[in-house]
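Residue-level structural notes
One letter stands for each residue in the lines below.
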Amino acid sequence: MMRPQARRAICCLKFRVIYLLLTLNVIILLLYGDNYLRTREVTKVKSTTSIAKTSCSFHSLSPKEAQVANFLKHSIAWPETLSLPPHLLLNDTSDPAQSTFTILPHERGSWSIGDQLEVLIKVSDFYGRPKTSGGDFLLARLHNPTLNAGVAGRVFDHRNGSYTAVFSLLWEGSAHVEVTLVHPSEGITVLEKLTREQPDRIYFRSFFRLGSVYKITNCNICLNSSRRLCNYTDPSTGEPWFCYKPKNLSCDARITHAKGGLRVYLRPMEEKLFQSGVNLKVSIPASGPAHIQVLSQFDYFYRSDFNFPWVFPGVTKKTMQSSPSGYYYQGAWRSLDGTTVHQFNTITAISQCLKNKAVHLYGDSTIRQWFEYLNQSLPDLKEFDLHSSNQTGPFLALDYANNILLTFRSHGPPIRFRVIPVSHLHYIANELDRVVGGANTVVVIGIWSHFSTFPIEVYIRRLLNIRKAVVRLLSRSPDTLVIIRTANPKALTLYETLTNSDWFSLQRDEVLRAIFKRVRVKLVDAWEMSVAHHLPHSLHPQPPIIKNMIDVVLSYICPKTENL
């Protein structure tokens, strides 16, 4: 029989062996576990073609898509601006107060409807010295307050400190010129550098929770991969999204997505390039008369059946032409693309147009604004309480009597909303693939604002995915109506400039138009509808502008509407 002392010695030896094995397992896990976890959490995507060579690792595009992306980047390339010297002085930069615009005389001595008005803009610095290089961001508008008329002008950069704004003359009577310096060329240089060097200046956060354990970690399209990551790349579209893995929690424990904040690094002199009332969206004065009188076309020759804009025999068409998509007259938007814009001024008119229609809106808060407008305009449209945030949605409203369905869903990340459940993060392309479509289905898309801080390749990738989904939808349901809202200018502060400058929005607006140019979709030109209007620019345009946008949408849906 074994003695008690011998039994205790054997037991101690067993525990020592077990302890030694556990210790070895811990050491192995510490040495190799990091690589093991990272391999499990992040799916490595091998690619041969990259959309861009940046500090971030963007998912690749096919060779054809990469070629499209390069073409788009070239087409929106801004006139080269000068690099900023280390000791740049504000006095050496563009000053709207010292700059001027001059209305150039017409060759006939007077202007008539159908003519083009040319305005010469000369930019100077704070000392009044003429600038010798281009790159300033200018907006131009022609308007008549009495007629409540307005049209956006087109600005041509001569790259020598001078610019020409060209306007189409579309109404009889007085026409007042307005020119605004949005950003000096030096400011454009800073914005380009920010995109290049600080594309992650807007950061996002996700909340993770399992039982009583919770963590908050940063998320973005690209992150420092030296830390363990959770990979939330969409399997259908390949849209990348990552979060830092929370300690002691699984990637599956992610509950919400939210905007974290802004981290941006600027030199004090660079901040001075974005001063309200100094060089940020400031009007440029006229050096002479700021208005002209526009005559009607009395001559029979001018009344002949020429398409707008008129080109007369023996007159060489000028290379600088303004081709606006529309203009305001008596406060109502008139389209110049052949669409007759009806005025839907009554509840009955809107309801009859939308009767038996399913209208699905996808995008950012500027599209949510359209849902809110229609929801408030139609008393019989009842919104279902989906227990969702009034900022993020999703929303659903139904008019049972008229069989009208109206929905809104926000687009997938990046999206700068306060807090949104991750279950509500849906990519538009995926949503479009779930739409049956048909003659009574209307799809409205608006996506631009939340992509402004990222390299343009990120936006191009998103739009190409949406474009492919739109093509698939129209292929299986050709009668589906697809409407796309463009970007629009907004009120600017220093913060807004660094995160959502009109210059960023303009680039995305041009990319959007180019990508959908050959697709059977309708555009609502929110950019020109905002620039041409007398109301101040706003991310969410004021009700009179929204009303005109909705009139355009309804006119697409009901082109033959009469007696509204």
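Here the structure is a predicted model, which means the values were calculated and not measured.

Some words on the pairing of strand S13 (residues 254-262)
Across 7 bridges, the pairing between strand S9 (residues 202-210) and S13 is antiparallel. When the sheet's bridge partners are listed, Ser206 is paired in S13 with His257.

Re the pairing of strand S21 (residues 404-410)
For S21, the buried fraction is high: 6 of the 7 residues fall into the buried class. Turn length for the strand S20 (residues 395-399)-S21 hairpin, with the two strands adjacent in sequence and antiparallel, is 4 residues, and the turn residue Asn403 shows positive phi of about 55°.

Focus on the pattern of salt bridges
On inspection of all chains with the given rule, the structure shows 18 salt bridges. Across the salt bridge formed by Arg462 and Glu239, the nearest N and O atoms sit 3.0 Å from each other. Linking Arg462 in helix H8 (residues 456-476) with Glu239 in the loop between strand S11 (229-231) and strand S12 (242-244), this pair joins segments that are 223 residues apart in sequence. Just as Arg462 is buried, Glu239 falls in that class too.

Points about the packing of H8 against helix H10 (residues 502-515)
Contact geometry of H8 with H10 gives a least axis separation of 10 Å together with a crossing angle of 30°. Here H10 runs roughly parallel to H8, going by the angle between their axes. You can see that H8 and H10 cross each other, and the crossing is right-handed. Residues Ile456, Tyr459, Ile460, Leu463, Leu464 and Arg467 of H8 form the contact with H10, whose own contacting residues are Arg508, Val511, Leu512 and Ile515.

Describing the sheet that holds S11
Ordered by their spatial adjacency, 6 strands build an open sheet running S11-S12-S10-S9-S13-S22, and the pairing between neighbours is antiparallel. Each edge of the open sheet carries a strand with a single partner, namely S11 and strand S22 (420-421).

Parameters and conventions
Residues numbered from 1 in each chain as written. Predicted model: local features only at pLDDT ≥ 70, side-chain atom pairs only at ≥ 80, totals over all residues. Heavy atoms only, no water. Pairing = 2+ DSSP bridges. Helix = DSSP H or I, 4+ residues; strand = E, 2+ residues; numbered from the N terminus. Buried < 20%, exposed > 50% of the residue type's maximum accessible area, 1.4 Å probe, protein only. Salt bridge = Lys/Arg side-chain N within 4 Å of Asp/Glu carboxyl O. Axes fitted to C-alpha atoms, helices over the stretch in contact; angles between N-to-C directions. Parallel < 35°, antiparallel > 145°, perpendicular 65-115°, else oblique. Left-handed = near helix turned anticlockwise from the far one by under 90°. Contact = heavy atoms within 4.5 Å.

Just distances and angles here, no functional claims.
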